[in-house]
Amino acid sequence: MSGRPVPSRRTLLCSAAAVSVTALGAAACGPGGESGVAAAPTAPVDLGAESDVARGSIKLYREHNVVVGRAEDGSLKAFSTVCTHAGCAIDRLEEKNRLVCPCHGSEFDARTGEVLHAPATQPLEQLSVGARDGRIVAGPGA
Ligand code: FES
């Protein structure tokens, strides 16, 4: 005997399975947070100065999983950027107002929330949004 406990075959198999599950989760939904699934705001969130979103522009707030667009008439629209396919956090806003999910490539129109490219089939969740005291506030109850 060496004096060291020898792991059983069952212990070794369970450890290997745990590593494999962790690796798969990370590969499937990497930037979605520790659990792999991102979360939209559950309460009003102060996103910053109203002047950050000029007329006719769009801003992605990655840290809050929100995108805000301002139309030419000055009205605001906001959507959750939690992908409706499997819950990853959308982290790219590209040309022509396309939001691109890093996990499986779904694309959404940042102005309307509509799906532009599968595998997602459902539009992004629209959020309440408004301006208070020169700040943009979005989320339920905003
Ligand atoms: S989570 Fe699958 S495409 Fe976004």
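All values reported here derive from a predicted model rather than from experimental measurement.

(A) Structural context of the overall build of the chain. Across its full length, the chain carries one helix and 11 strands. The order of α-helices and β-strands along the chain, N terminus first, is α-β-β-β-β-β-β-β-β-β-β-β. Per-residue burial over the chain gives 30% buried out of 142 residues. Counted over contacts in the chain with a minimum sequence separation of 6, partners at least 24 positions apart contribute 47%.

(B) Up close: the nonpolar core. Grouped together as the largest cluster of nonpolar side chains are 28 residues, with contacts concentrated most on Val66, Val68, Ala78 and Ala138. Listing elements by their share of this core, those giving two or more residues are strand E1 (45-49), strand E3 (66-70), strand E4 (76-80) and strand E11 (135-138). In this structure Val68 touches Leu47, Val53, Lys59, Tyr61, Leu76, Ala78, Val129, Ile136 and Ala138, once residues within four positions along its chain are discounted.

(C) The environment of Glu107, seen in detail. By the element assignment, Glu107 lies in strand E7 (residues 107-109). The exposure class of Glu107 is buried, given the 20 C-beta atoms found within 10 Å. Separated by 13 residues in the primary sequence, Glu107 and Ala120 have C-alpha atoms spaced 7.8 Å apart. Excluding residues that lie within four positions of it along the chain, Glu107 makes contacts with Arg98, Leu99, Val100, Leu116 and His117.

(D) View of unusual backbone geometry. With omega at 20°, the peptide bond leading from Ala118 into Pro119 counts as cis. Its place among the elements puts Pro119 in the loop between strand E8 (115-117) and strand E9 (126-127). You will see that Lys96, though not glycine, has its phi angle at about 60°, which is positive. With a phi close to 60°, Asn97 is a non-glycine residue in the positive phi region. As for its placement among the helices and strands, Asn97 is situated in the loop between strand E5 (92-94) and strand E6 (98-100). Residue Asn97 is classed as partly exposed on the basis of its 16 C-beta neighbours within 10 Å.

(E) Summary view of the environment of Ala118. Mapped onto the fold, Ala118 is located in the loop between E8 and E9. Sequence-wise, Ala118 and Phe108 are 10 residues apart; in three dimensions their C-alpha atoms are separated by 9.2 Å.

(F) Seen up close, the confidence of the model for the chain. Of the residues in the chain, 75% reach a pLDDT of 70 or more, and the chain-wide mean stands at 82. In this model residues 1-34 is a low-confidence stretch, pLDDT under 50, and it forms 22 contacts with partners more than four residues away in sequence or in other chains.

(G) Structural context of the pairing of E4. Here E3 runs beside E4; their pairing, made up of five bridges, is antiparallel. Bridge assignment links Gly69 to a residue of E4, and that residue is Lys77. Between E3 and the antiparallel strand that follows it, E4, lie five residues; Gly74 among them carries a positive phi value of about 95°.

Criteria and cut-off values
- Residues numbered from 1 in each chain as written.
- Predicted model: local features only at pLDDT ≥ 70, side-chain atom pairs only at ≥ 80, totals over all residues.
- Helix = DSSP H or I, 4+ residues; strand = E, 2+ residues; numbered from the N terminus.
- Buried ≥ 20, exposed ≤ 12 C-beta atoms within 10 Å, placed from the backbone.
- Contact = placed C-beta atoms within 7 Å.
- Core = buried A, V, L, I, M, F, W, Y, C linked by C-beta atoms within 7 Å.
- pLDDT = per-residue confidence, 0-100.
- Pairing = 2+ DSSP bridges.

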